[in-house]
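In case you want the letters, here they are:
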Amino acid sequence: MMTREEARRSAGAGGRRRFPRLEIDGTLVARDLTSGLLMEVRDISFGGLQVISAVAIAPGHEHVLRVALPVGEAHDLRATTIHCRPIARATGPYVIGWQLAPDIPTAR
């Protein structure tokens with residue numbers, strides 16, 4: 001496992017992304033406890049995650065996301081929406097980018 005600093009360096013200085021994306025093997029599901037939505041995690045990094053959602057969520061709002069791991073563990077993460085855009089049609093589904101909060105429970 002790489003440290004946050006190693007991840008930051010490997011992400012490169014050329015783009016907006018501060019951390020590299022981590023590959024997901026299988027399906028990872030997140031439940032937005034704030035709105036009740038169930039979303040599929042598309043990718044994840046030390047700084048955030050990107051999900052697919054049937055419903056749009058306006059950028060700038062903080063939510064609590066419960067990410068369920070395949071082994072049955074679930075972790076609650078505080079995150080703020082950074083962007084939300086439709087994949088193909090204006091009516092969804094939507095790609096939503098979340099920035100994770102810097103608090104200790106979320107970082108763990």
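Every chain is numbered independently, its residues counted from 1 as its sequence is written. Per-residue local features are limited, in this predicted model, to residues with pLDDT of at least 70; the limit for side-chain atom pairs, both in listing and counting, is 80 or more; totals at the level of whole chains, interfaces and linings are taken over all residues. Hydrogens and water molecules were not included; the side-chain quantities draw on all heavy atoms of the structure.

1. Here's the deal with the overall build of the protein chain
Just so we agree on the cut-off: In DSSP terms, a helix is any run of H or I states spanning at least four residues, a strand is any run of E spanning at least two, and both are numbered starting from the N terminus. Burial classes follow relative accessibility: with a 1.4 Å probe on protein chains only, a residue under 20% of its type's maximum area counts as buried, one over 50% as exposed, and anything between as partly exposed. Here a residue-residue contact requires only that any non-hydrogen atoms of the pair lie within 4.5 Å. Every accessible area reported is derived by Shrake-Rupley at a probe size of 1.4 Å, with residue values counting cover from the shown protein chains alone.
Of regular secondary structure, the protein chain possesses two helices and six strands. Its helices and strands taken in sequence order, the protein chain reads α-β-β-β-β-β-β-α from the N to the C terminus. Counting the 108 residues in the protein chain, one finds 31% classified as buried. Within the protein chain, counting contacts between residues at least 6 apart in sequence, those at least 24 apart form 43% of the total. Total accessible area computed for the protein chain in this model is approximately 6,900 Å², and 54% of it derives from carbon and sulfur atoms.

2. Comments concerning the sheet that holds strand E5 (residues 74–86)
Paired through their backbone hydrogen bonds, the strands of a sheet run either parallel or antiparallel. Heads up, the rule is: One requirement defines pairing of two strands: DSSP has to find at least two bridges between them. Angular values range over 0 to 180 degrees, each being the angle between N-to-C directions of two axes fitted as lines to C-alpha atoms, with helices fitted over their stretch in contact.
Spatially, six strands are ordered E1-E2-E3-E6-E5-E4 in a closed barrel, and the strand pairing comes out antiparallel. Ignoring strand direction, the axes of neighbouring strands in this sheet form an average angle of 45°. The sheet contact formed by E5 and strand E6 (residues 94–100) spans seven bridges and is antiparallel. Considered in E6, the bridge of Thr81 is made with Trp98.

3. With respect to the confidence of the model for the protein chain
Stated precisely, the cut-off is as follows: The predictor's confidence in any single residue is recorded as pLDDT, a number from 0 to 100.
On average, the protein chain scores 81 in pLDDT, and the residues at 70 or more come to 78%. In this model residues 6–15 is a low-confidence stretch, pLDDT under 50, and it forms 14 contacts with partners more than four residues away in sequence or in other chains.

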